[in-house]
Amino acid sequence: MKIISVVGARPNFMKIAPFCKALSKHPEVQHVLVHTGQHYDVRMSDSFFVDLGIPEPDVHLNIGSGSHAEQVGKTMIEFEKVVKAEKPDWIVVVGDVNATCACSIVAKKEHVKLAHIEAGLRSGDIDMPEEVNRLVTDRLADLLLTPDRIANANLKDEGVADERIAFVGNIMIDTLEAQRAKAEKRSIAEIVKRDLLLADTPVPALPDNEFVVMTMHRPSNVDQIETLKPLIDFLVNEVSRDLPLLWPIHPRARKQLEMFGLWDRVAANVILLNPLGYHDMLRLNMGARLMLTDSGGLQEECCVLGTPCLTLRWNTERPVTLKEHGGASQLVGNDVARIRAAYHNVLNSECKPQRPELWDGHAAERIVQAILIYGK
Ligand code: UD1
């Protein structure tokens, strides 16, 4: 059997690492790893391959940045050539980025069986590019590998037959569990020293539980000044006055802050860091009093670590991480009055680790088994 698996952007790498490892225990399977190159910076891509022990991609499509149509279109053109040459039995895609969607379409047009890892997540918000990618991918996939039971219910509501759904758990948590001990040993002071974006930023002592970590990069938060400016005012005038605020900043957010003339105020009040490697980010999360984020993956990691998390979104495709389902995260959108109220409520709340069903570090083995037995 031959399997092509696909990665493209940062959140894919922690999902593919355990899959590669689990597949390597099956010498009867030939595995071809394709990197579309949507993320290409060393800090956004290469460092994850090294840190997580992901094998060198067999094929690199070098797609790079561009509009959504450019990224999806270029990926389809290049990936089609790979599929025609390799003639795989299966194509495996992960997550919800442009590579996921583009390669799913190619898979089915080339009549290759398609498996989707992290199937069934729905935010209900079609304005999110990731939601479009999820809907297209799940409509096309032969085998839908779900991380939680809410995802199963979403797929059933959409009419997906039971035989196509396999509840396997959350593969991101395989990576978290495999890397936790290594991350724990890291020193916050050293991480900050190594990855400080601006050398003249004053850095106080940062004992565990005495700092806040944030990440924010979604178009819905950073693309309009009317939304971004009040958020920045709140972060700079309120949060960073209470506790040191660490922000490993995504290239998209940085570009927008510079364009809107907000960069200098942020730089003067926030401890800005480069995009961090996997272990460094995990260590910051372990030590944070509070996480403020619009990332999907961090919501999941906060759930398992117990870090109180304010999710800067109005919806989430990962409701299992919310407080009402036992998790650590709370949806606060991007309305500052609402964020402020929740912030004061949770600033002194306890760390409560939770483990949704099958978030046990063994999802990748179940995924490989599901693919091997599908259709037998
Ligand atoms: C993508 C994913 C999103 C994910 C995010 C995590 C889609 C639709 N979105 O969004 O789900 O949460 O990645 O990072 O696929 N850039 C660099 N260096 C890089 C990569 C990008 O500077 O290595 C710049 C690009 O020039 C671009 C911006 O960052 O202007 C955004 O990159 P892009 O890949 O278009 O999407 P993300 O916003 O990162």
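Computed from a predicted structure; not experimentally measured.

A word on the overall build of the chain. The helix and strand tally for the chain stands at 16 helices and 13 strands. Radius of gyration (C-alpha) of the chain: 20 Å, near the 21 Å computed for a compact globule of 376 residues. Taken over the C-alpha atoms alone, the chain extends approximately 60 × 40 × 40 Å along its principal axes. Burial statistics for the chain: of 376 residues in total, 60% are counted as buried. A fraction of 69% describes how many contacts in the chain between residues 6 or more apart in sequence connect residues 24 or more apart. For the chain, the exposed surface amounts to about 15400 Å²; the carbon and sulfur share of it is 51%. For the chain, the separation between the mean place of its 43 positive charges and that of its 51 negative charges on side chains is 2 Å.

Okay, the sheet that holds strand β5 (residues 113-117) next. In space, the seven strands of this open sheet follow the order β3-β2-β1-β4-β5-β6-β7, with parallel pairing throughout. For this open sheet the edge positions go to β3 (59-60) and β7 (165-167), each flanked by a neighbour on one side alone. In this structure, strand β1 (residues 2-7) lies alongside strand β2 (residues 30-35), joined through six bridges in parallel fashion. Directly across from K2, in β2, lies its bridge partner Q30. This element, helix α6 (residues 149-157), spans β6 (143-146) and β7 of the sheet and lies at about 170° to β7.

Bringing the domain arrangement of the chain into the picture now. Per the domain assignment, the segments making up the chain are domain 1 (2-170 + 359-374) and domain 2 (182-347). At the interface, 22 residues of domain 1 touch 21 residues of domain 2. Interface area, domain 1 with domain 2, both sides summed: about 1800 Å², of which 59% is carbon and sulfur. It is R43, I150 and W359 in domain 1 that bury the most area against domain 2; as a group they hold 29% of the surface buried on that side. Applying the counting rule to domain 1 against domain 2 returns four salt bridges. Two residues, E118 and R318, come together in a salt bridge whose shortest N-O distance is 3.2 Å. Connecting domain 1 to domain 2 are six residue pairs in polar contact (both at pLDDT 80 or more). Among the secondary structure elements, those contributing two or more residues to the side of domain 1 that touches domain 2 are α1 (10-23), α2 (42-52) and α5 (129-140). No other element matches α2, which puts six residues into the side of domain 1 that touches domain 2.

Okay, the site of the ligand next. Looking at the ligand, there are 21 residues lining it, with D41, S65, E130, R252 and K255 nearest. Q71 is positioned such that a nitrogen or oxygen atom in its side chain is 3.4 Å from an oxygen atom of the ligand. A distance of 2.6 Å separates an oxygen atom of the ligand from a polar side-chain atom of K255. Considered on its own, the ligand offers 750 Å² of accessible surface; in the complex 88% of this is hidden by protein.

Another point: the packing of aromatic side chains. This structure, assessed with the given rule, holds four aromatic pairs. Considering the side-chain rings of F13 and F48, the 6.1 Å spacing of their centres and the 35° angle between planes classify their relative orientation as tilted. Residue F13 is found in helix α1, and its partner F48 is found in helix α2; the two are separated by 35 residues along the sequence. Linked through ring pairs, F13, F48 and F49 together constitute an aromatic cluster.

This model, assessed by the stated rule, comprises 30 salt bridges. Where R283 meets D208, a salt bridge forms, and the shortest distance between an N and an O atom there is 3.1 Å. Of the two residues, R283 sits in helix α13 (residues 278-287) while D208 sits in the loop between α8 (188-195) and β8 (212-215), which places them 75 residues apart along the sequence. Overall, R283 belongs to the buried group, its relative accessible area being 10%. Through salt bridges with shared partners, a single network forms among K15, D96, E118, E131, R134, E300, R313, E317 and R318.

Its place among the elements puts T36 in the loop between β2 and α2. Residue T36 is classed as buried on the basis of its relative accessible area of 1%. In contact with T36, not counting residues within four places along its chain, are V6, V7, G8, L61, N62, I63, T75, A99 and C103.

Okay, unusual backbone geometry next. The backbone of N62 shows a phi angle near 50°, a positive value even though the residue is not glycine. Residue classification places N62 among the exposed residues on the basis of a relative accessible area of 59%. Positive phi values are uncommon outside glycine, yet H111 reaches one of about 60°. With respect to the helices and strands, H111 occurs in the loop between α4 (98-109) and β5. The exposed category is assigned to H111, whose relative accessible area is 73%.

Definitions and cut-offs
- Residues numbered from 1 in each chain as written.
- Predicted model: local features only at pLDDT ≥ 70, side-chain atom pairs only at ≥ 80, totals over all residues.
- Heavy atoms only, no water.
- Helix = DSSP H or I, 4+ residues; strand = E, 2+ residues; numbered from the N terminus.
- Rg over C-alpha atoms; globule rule 2.2 N^0.38 Å.
- Buried < 20%, exposed > 50% of the residue type's maximum accessible area, 1.4 Å probe, protein only.
- Contact = heavy atoms within 4.5 Å.
- Areas by Shrake-Rupley, 256 points an atom, 1.4 Å probe, with all protein chains shown as cover.
- Lys, Arg positive; Asp, Glu negative; His and termini not counted.
- Charge placed at Lys NZ, Arg CZ, Asp CG, Glu CD.
- Pairing = 2+ DSSP bridges.
- Axes fitted to C-alpha atoms, helices over the stretch in contact; angles between N-to-C directions.
- Domains from an automatic or database assignment.
- Buried area = accessible area lost by both parts, 1.4 Å probe.
- Salt bridge = Lys/Arg side-chain N within 4 Å of Asp/Glu carboxyl O.
- Polar contact = N/O pair within 3.5 Å; in protein donor to acceptor, adjacent residues only side chain to side chain.
- Near = heavy atom within 4 Å.
- Phe/Tyr/Trp six-rings, centres within 6.5 Å; stacked < 30°, edge-to-face > 60°.

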